[in-house]
Amino acid sequence: MSETVRMSVAEIHDLAVQALQSRGCSTAQAQAIADTVTAAERDGARSHGLFRIPFYVKAIDGAGAQPAADPALSDLAPGVVRVDGGMGFAPLALQRGAEPLIERARSQGIAALAVTDVFHIAALWPEVERMTEEGLVAFAFTGAINYVAPAGGTQPLYGTNPMAFGWPREDGAPIVFDQASSAAARGEIQLHKRAGKPIPEGWAVGPDGEPTTDPETALAGAQLPFGGHKGAAIALMVELLAGALIGDLFSYEAGEHDTNGVGAPRGGEFMIAIDPARCAAHGDAARSLARAEELFARVLGQEGTRLPGQRRHEIRARSRDQGVEVAQATVDEIRDLAGI
Ligand code: NDP
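Here the residue numbers are simple positions, counted from 1 along each chain's written sequence. In keeping with the predicted nature of the model, local features appear solely for residues at pLDDT of at least 70, side-chain atom pairs appear and are counted solely at 80 or more, and the whole-chain, interface and lining totals rest on all residues. As a rule here, side-chain values come from all non-hydrogen atoms in the structure, and water together with hydrogens is ignored.

J.: Would you mind going over the overall build of the protein chain with me for this structure?
T.: Looking only at helices and strands, the protein chain has 12 helices and 11 strands in total. A compact globule built from 340 residues would reach a C-alpha radius of gyration of about 20 Å, and the protein chain, at 20 Å, matches this within 12%. Overall, the C-alpha framework of the protein chain stretches about 55 × 45 × 45 Å when taken along its three principal axes. Counting every position in the protein chain, which comprises 340 residues, the buried fraction comes to 51%. Contacts: residue pairs with any heavy atoms within 4.5 Å of one another. Sequence separation of 24 or more characterises 67% of the internal contacts of the protein chain that already satisfy a separation of 6 or more. The charged-residue count follows a simple rule in which Lys and Arg add positive charge and Asp and Glu add negative charge, with His and chain termini not counted at all. Taken as the charge location is NZ of Lys, CZ of Arg, CG of Asp or CD of Glu. Side chains of the protein chain give 29 positive and 43 negative charges; the mean places of these two sets differ by 3 Å. Each helix corresponds to a stretch of at least 4 residues labelled H or I by DSSP, and each strand to a stretch of at least 2 residues labelled E; elements are numbered beginning at the N terminus. In this description the radius of gyration comes from C-alpha coordinates, and the expected globular size is given by 2.2 Å times residues to the power 0.38. Whether a residue is buried, partly exposed or exposed follows from its accessible area with a 1.4 Å probe, protein chains only, as a fraction of its type maximum: under 20%, in between, or over 50%, in that order.

J.: Quick question: what am I supposed to make of the packing of helix H1 (residues 9–22) against helix H2 (residues 27–42) here?
T.: The packing of two helices is summarised by the inter-axis angle and the distance between the axes. Here, axes are lines fitted to C-alpha atoms. For helices the fit covers the stretch in contact, and angles between N-to-C directions go from 0 to 180 degrees. H2 packs onto H1 with a crossing angle of 140° between their chain directions and a minimal axis gap of 8 Å. By the angle between their directions, the pair H1 and H2 is classed as oblique. When you trace H1 past H2, the crossing you get is right-handed. On H2, the residues touching Val9, Ile12, His13, Ala16, Val17, Leu20 and Gln21 of H1 are Thr27, Ala30, Gln31, Ile33, Ala34, Asp35, Thr38, Glu41 and Arg42. A class-by-class count of the residues in the contact of H1 with H2 yields eight nonpolar, five polar and three charged. Working definition: roughly parallel below 35 degrees, roughly antiparallel above 145 degrees, roughly perpendicular at 65 to 115 degrees, and oblique for all remaining angles. By definition, any crossing whose near helix is turned counterclockwise from its far helix by less than a right angle is left-handed, and any crossing with a clockwise turn is right-handed. All amino acids are sorted into three groups, where Ala, Val, Leu, Ile, Met, Phe, Trp, Tyr, Cys and Pro are nonpolar, Asp, Glu, Lys and Arg are charged, and the leftover types, Gly among them, are polar.

J.: Looking at this structure, how should I read the packing of aromatic side chains?
T.: Two descriptors summarise a pair of aromatic rings, namely the distance from one centre to the other and the angle between the planes of the rings. When two rings of Phe, Tyr or Trp (its six-membered ring) have centres within 6.5 Å they constitute a pair, described as stacked for plane angles under 30 degrees, edge-to-face for angles over 60, and tilted for the intermediate range. Under the counting rule described, the total for this entry stands at seven aromatic pairs. Ring geometry for Phe165 versus Phe177: centroids 5.8 Å apart, planes at 35°, classification tilted. On the criterion of sequence distance, the pair formed by Phe165 in strand E6 (residues 163–167) and Phe177 in strand E7 (residues 175–179) is long-range, its members being 12 residues apart. The class of Phe165 is buried, set by a relative accessible area of 17%. Note on Phe177: relative accessible area 27%, which makes it partly exposed. An aromatic cluster is built from Phe139, Phe141, Phe165 and Phe177, whose rings are joined through pairwise contacts.

J.: Sorry, what's going on with a nonpolar patch on the surface here?
T.: Taken together, the side chains of Leu295, Val299 and Leu300 make up a nonpolar region of the molecular surface, amounting to roughly 240 Å² of accessible area. For Leu300, a relative accessible area of 42% corresponds to the partly exposed category. Candidate patch residues must exceed 30% relative accessible area and have no salt bridge, after which like charges are joined if within 9 Å and Val, Leu, Ile, Met, Phe, Trp or Tyr side chains if within 5 Å. Shrake-Rupley sampling with a 1.4 Å probe provides the accessible areas, and residues are treated as covered by the protein chains on show and by no other component. A side-chain nitrogen of Lys or Arg and a carboxyl oxygen of Asp or Glu constitute a salt bridge if their distance falls within 4 Å.

J.: How should the nonpolar core be read in this particular structure?
T.: Only buried Ala, Val, Leu, Ile, Met, Phe, Trp, Tyr and Cys residues count toward a nonpolar core, and they belong to the same one when joined by side-chain atoms within 4.5 Å. Counting residues in hydrophobic clusters, the biggest one holds 33 residues, and the most contacted among them are Leu50, Ile53, Tyr56 and Phe89. Breaking this core down by element, the ones donating at least two residues are H1, H2, helix H3 (53–62), strand E3 (80–89), strand E11 (324–327) and helix H12 (328–338). Delimitation of the domains relies on an automatic or database domain assignment. Domain assignment of the residues forming this core places at least three in each of domain 1 (1–62 + 309–340) and domain 2 (69–182 + 225–307). Setting aside chain neighbours within four positions, we find Tyr56 in contact with Leu20, Ile33, Thr36, Val37, Phe89, Pro91, Ile121 and Ala122. Core analysis: the second largest hydrophobic core is formed by 28 residues, Ala45, Leu113, Val115 and Ala273 among them.

J.: How do you make sense of the pattern of salt bridges when you look at a structure like this?
T.: If charged atoms from side chains of opposite charge come close, those side chains can pair. What the rule picks out here adds up to 16 salt bridges. Here Arg42 makes a salt bridge to Asp43, at a shortest N to O gap of 2.7 Å. Note on Arg42: relative accessible area 14%, which makes it buried. A residue is classified by how much of its surface remains accessible, and Asp43, at 0% relative accessible area, is buried. Here Arg312 ties to Glu129 by a salt bridge, and the two come within 3.0 Å at their closest N and O atoms. Here the residue Arg312 occupies a position in helix H11 (residues 310–322), and Glu129 occupies one in helix H5 (residues 125–133), the gap between them amounting to 183 residues. Classification of Arg312 by relative accessible area gives buried; the value is 5%. Connected through shared salt-bridge partners, Arg42, Asp43, Glu129, Arg312 and Arg316 make up one network.

J.: I keep staring at the sheet that holds strand E5 (residues 137–142) and nothing clicks. Help me out?
T.: Strand pairing within a sheet occurs via backbone hydrogen bonds; the two strands may be parallel or antiparallel. Across the sheet, seven strands lie side by side as E2-E3-E4-E10-E5-E6-E7; this open sheet has mixed pairing. The open sheet terminates on both sides in strands that have one partner only, identified here as strand E2 (72–77) and E7. Strand-to-strand, the axes of this sheet are offset by a mean angle of 15°, without reference to chain direction. In this sheet, strand E4 (residues 110–119) lies alongside E3 in parallel orientation, the contact comprising seven bridges. Bridge assignment links Gly88 to a residue of E4, and that residue is Val118. We call two strands paired when DSSP finds no fewer than two bridges between them.

This is the structure we're talking about:
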């Protein structure tokens, strides 16, 4: 097993901020990125934890990301807010858009946030979970770089295009799922490569279009959508929402911009937030939430089940008490990058 070091959540955050600031990030950008990276480490979502810091640095050095960008808010419609990220990173733009999205969802019943002109290297669950903490139902969608073949094809066209959904609960962890439309997130294949492990069958084809379990061949070829045409349909929808609809890049265009092969997608994110208090025919949000609990109880009534989001919240509780085991190689790489 590779060497690890135990770090507190605060130490992870400090390391991320220091590294990002040493490479030109403004305090606001560094803090926002560190918040999402730390949340991922804390929740056991390793492929979006500290492992991602070098990607942010590479995006600054080799892809034109603006580390001191100051995202700007504007209104597109009474229920649609835009944040122009100024070619900075997604976490700060999303933080800027969160309050306006919440306000509009409460006043309009449903509202949308179009985040444009950002580099997006993060998971989507933090922004969706934030909405559930306000009692809202939420969706989030973002494109990536063209790594995934359409159903039946073997050439990369779609991004790994994640979508996330969140449902608020009175008690307990909110229901949050956040999933790539590819069979696996690209970070998972990179982690397999780093660990020298084969990837499962069905994740990718090589450059020759043949199925592969070798992570390096997979990274050079095309990832596959999950569930064949069904995952491909979701990938297509994400391209349309986070690309065409909000006037930002498709994943293949993000790939064209990634001339140095940095792997930091430039593009947008689209979010929808819904206030349950404004939707139910009976006009009673508490009743809607209580009915949802009846469904969750039936899910959990079956052996072998759990609710999406539950795993992260269990790990979160442990991380707060005991800290987090981080790969020593990742920490060393970040310290080198930051010169600390
Ligand atoms: P996973 O397949 O690991 O998990 C997807 C979801 O399914 C999670 O919400 C998970 O909940 C839930 N889940 C898993 N197992 C169960 C189960 N047995 N019962 C109920 N729910 C379950 O995620 P992916 O590998 O597809 O994606 C990983 C991350 O990568 C995502 O956060 C995504 O946003 C990110 N990503 C980011 C990209 C970008 O360019 N910005 C591109 C692609 C992906 P739980 O968390 O509780 O385990």
